[in-house]
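Next come the chains, spelled out residue by residue.
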Amino acid sequence: MTKEEYMNIALTLAKSTIGQTSPNPSVGAVVVKDGRIVGMGSHLRAGLAHAEVIAIEQAGDDAIGADVYVTLEPCSHHGKTPPCADLLIEHQVKRVYIACVDPNPSVAGEGIKKLKQAGIEVEVGIREAEALAINKSFFFYMQHKRPYVTLKAAMTLDGKTATKTGDSKWITGEAARKDVHKQRAIHDAIMVGVNTVQQDNPQLTTRLPQGGKNPIRIILDTQLSINQASNVLQDKEAPTWIVCGSKVNVEAFANAFPHITVLQQSTPTIRLPELLDKLGELDIQSLYVEGGSTVHGSFVKENLFQACHWYIAPTLLGGIDAKTVVGGRSPENMIDATQLTIASMEQIGSDIKVIAYPKQE
Ligand SMILES: Nc1c(/N=C/[C@H](O)[C@H](O)[C@H](O)COP(=O)(O)O)[nH]c(=O)[nH]c1=O
Ligand SMILES: Nc1c(N[C@@H]2O[C@H](COP(=O)(O)O)[C@@H](O)[C@H]2O)[nH]c(=O)[nH]c1=O
Ligand SMILES: [Zn+2]
């Protein structure tokens, strides 16, 4: 097989663990000796062995003089596990093919330098775009110490997310909703505004036949006005964090709901940039914002999102009094609209899924 084909195997190993390695990146490694695969591995969970460690252990003595394909630059720092760069040197591998460099400040470029100093041949950049995409949340988080924010909305073809009474069940079909649950399973946290809680009483859990972890549920509720019988407060299915303003007396609520985390802001209203910094401090690397329209309006207006996942159903609701997808106030002119780049469009069941990214300034 070609070096790209071996790297594809490592990428598949990495892709298969997306969402379960946070706050670490998902990494895959393959060890090849004389045209045979003698070891392969994925980093399965933070704190467990790195991908290279698993693959090298499997290879045993075959690691000597072998080629190693790894989707992320081997680490060179002592975290919870010993450095992979040193391990590869100890096991006298011949060449290391790396898909992308690790932007983690304590790692970037160090691993490659160590390998080269030990006389190991290193080639960087094979299937680099694929590798960068796998850990886009991790890389964003390392650079900004804030979660990578994906806005998710479901709408009719005429851009409505609910009728004038707030009814929205359902707009998109089973297949699209299943896709949403797959996204929930790979995100550290999911966020909705209190209006969505009052209107839909959502569970915001991952409900897939094959299982999948529940994201932390974050509810924006400035006045702490949430209905106390809500699922997110009562069902104990997943951690729930309530974000409220500084003017609220949280004592009674905290006593009534000891299992709920209250993140009280230092300002009367919730300021998203400060909240995202706080979520970054709390190790939230990926945030899935399910709306509603007011919340989406704020993220768009303040340009605080990195991706949009728009699910569009083949229905027309009509009505200037129906709920619109992105709330808030309209800009004066089209020139003030947020420009996006459409990355993909696919049909899921009878709905369309559009993924778009804000154009970099
Ligand atoms: N109304 C629709 C959506 N509605 C999205 C709202 O956030 C809704 O409250 C939650 O998705 C409900 O969560 P849970 O199922 O209780 O965990 N989202 C969709 O993708 N399609 C739709 O038709
Ligand atoms: N998961 C992963 C790497 N992850 C790198 O190591 C850091 C975590 O180190 P630790 O706390 O010891 O697990 C993480 O922030 C990232 O920079 N590196 C690798 O060589 N291979 C792996 O499989
Ligand atoms: Zn490592």
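Residues numbered from 1 in each chain as written. Chains lettered and ligands numbered in written order. Predicted model: local features only at pLDDT ≥ 70, side-chain atom pairs only at ≥ 80, totals over all residues. Heavy atoms only, no water.

Visitor: I'm lost on the overall build of the chain in this one. Help?
Guide: Of regular secondary structure, the chain possesses 12 helices and 16 strands. Computed over its C-alpha atoms, the radius of gyration of the chain comes to 23 Å, within 12% of the 21 Å expected for a compact globule of 361 residues. When burial is assessed residue by residue, the chain has 50% of its 361 residues classed as buried. Counting only contacts in the chain whose residues sit at least 6 apart along the sequence, the fraction spanning at least 24 positions is 68%. Only carbon and sulfur atoms are counted for the fraction: they give 51% of the accessible area of the chain, which is about 17,300 Å². Here the chain holds 35 positive side-chain charges and 39 negative ones, and the gap between their average locations is 4 Å. (Helix = DSSP H or I, 4+ residues; strand = E, 2+ residues; numbered from the N terminus. Rg over C-alpha atoms; globule rule 2.2 N^0.38 Å. Buried < 20%, exposed > 50% of the residue type's maximum accessible area, 1.4 Å probe, protein only. Contact = heavy atoms within 4.5 Å. Areas by Shrake-Rupley, 256 points an atom, 1.4 Å probe, with all protein chains shown as cover. Lys, Arg positive; Asp, Glu negative; His and termini not counted. Charge placed at Lys NZ, Arg CZ, Asp CG, Glu CD.)

Visitor: Sorry if this is basic, but what is going on with unusual backbone geometry here?
Guide: When glycine is set aside, most residues are seen to have a negative phi, and most peptide bonds are trans. Residues S22 and P23 are joined by a peptide bond in cis, for which omega reads 10 degrees. Take P23: it is sitting in the loop between helix 1 (3-15) and strand 1 (28-33). Here the residue pair K169 and W170 is connected by a cis peptide bond, since its omega of -25 degrees sits within 30 degrees of zero. Looking at the secondary structure, you find W170 in the loop between strand 7 (160-162) and helix 7 (174-186). One non-glycine residue, R127, lies in the positive phi region at around 55 degrees. Tracing the chain through its elements places R127 in the loop between strand 5 (121-124) and helix 5 (128-134).

Visitor: Quick question: what am I supposed to make of the site of ligand 1 here?
Guide: The environment of ligand 1 is made up of 16 residues, and the closest members are I171, T172, R184, D200 and R207. The backbone of I171 places a nitrogen or oxygen atom 2.6 Å from an oxygen atom of ligand 1. E290 is positioned such that a nitrogen or oxygen atom in its side chain is 3.2 Å from an oxygen atom of ligand 1. Taken together, the elements giving at least two residues each to the shell around ligand 1 come down to strand 6 (148-156), helix 7 and helix 8 (194-200). Split by residue class, the shell around ligand 1 holds six nonpolar, five polar and five charged. (Near = heavy atom within 4 Å. Polar contact = N/O pair within 3.5 Å; in protein donor to acceptor, adjacent residues only side chain to side chain. Nonpolar A, V, L, I, M, F, W, Y, C, P; charged D, E, K, R; others polar.)

Visitor: Before we go on, may I ask you to explain the site of ligand 2 in this structure?
Guide: As a structural note, the neighbourhood of ligand 2 is formed by 19 residues, with H50, E52, C75, K80 and D102 the closest of them. Between H50 and ligand 2, the recorded distance is 2.7 Å, taken from a side-chain N or O atom to an oxygen atom. C75 has a polar backbone atom sitting 2.8 Å from an oxygen atom of ligand 2. Protein burial of ligand 2: of its 520 Å² of free accessible surface, 96% is covered by the chains. Split into classes, the residues belonging to the shell around ligand 2 amount to eight nonpolar, seven polar and four charged.

Visitor: Which parts of the structure should I look at to understand the coordination of the zinc ion (ligand 3)?
Guide: Expected angles at a metal are 109.5 degrees for tetrahedral coordination by four donors and either 90 or 180 degrees for octahedral coordination by six donors. Around the zinc ion (ligand 3), the protein contributes the donor atoms H50 (ND1), C75 (SG) and C84 (SG), at 2.0 to 2.3 Å from the metal centre. Considering all four donor atoms around the zinc ion (ligand 3), angles at the metal cover 101 to 118 degrees and the coordination shape is tetrahedral. Ordering the donors of the zinc ion (ligand 3) by residue number gives the pattern H-x24-C-x8-C. In terms of burial, C75 and C84 fall into one category: buried. (Donors = N, O, S within 2.8 Å, 3.2 Å for Na, K, Ca; no water. Tetrahedral: all angles 85-135°; square planar, octahedral: opposite > 155°, others 65-115°.)

Visitor: Is there a simple way to explain the environment of K301 in this structure?
Guide: For K301, the location among the structural elements is in helix 12 (residues 293-301). Residue class for K301 comes out exposed when judged on its relative accessible area of 66%. The spacing of K301 and I242 is 59 residues in sequence and 22 Å in space, taken between C-alpha atoms.

Visitor: Before we go on, may I ask you to explain helix 11 (residues 272-281) in this structure?
Guide: For helix 11, the complete set of buried residues consists of L272, L275, L276, L279 and G280. All buried residues of helix 11 lie within an arc of 145 degrees about the axis, which places them on one face of the element. Two residues or fewer past helix 11, D283 is found with a positive phi of approximately 65 degrees. (Arc of directions from axis to C-beta.)

Visitor: What's the story with the nonpolar core in this structure? I'm lost.
Guide: Where a protein is soluble and globular, its nonpolar side chains tend to be buried together. If you look at the biggest cluster of nonpolar residues, it comprises 44 residues, and the most contacted ones within it are M7, V31, I56, V93, V96 and L115. With six residues, the single largest contributor to this core is helix 1. Core analysis: the next-biggest nonpolar cluster, separate from the first, contains 31 residues, M155, L287, F299 and L304 among them. (Core = buried A, V, L, I, M, F, W, Y, C linked by side-chain atoms within 4.5 Å.)

Visitor: Just to check I follow, could you spell out the side chain of K353 for this structure?
Guide: Tracing the chain through its elements places K353 in strand 16 (residues 351-358). K353 sits in the buried class, given a relative accessible area of 4%. A distance of 2.8 Å separates the side chain of K353 from the side chain of D179, its partner in a polar contact. The residues contacting K353, other than those within four sequence positions of it, are D179, Q183, H309, W310, Y311, S344, M345, E346 and I348.

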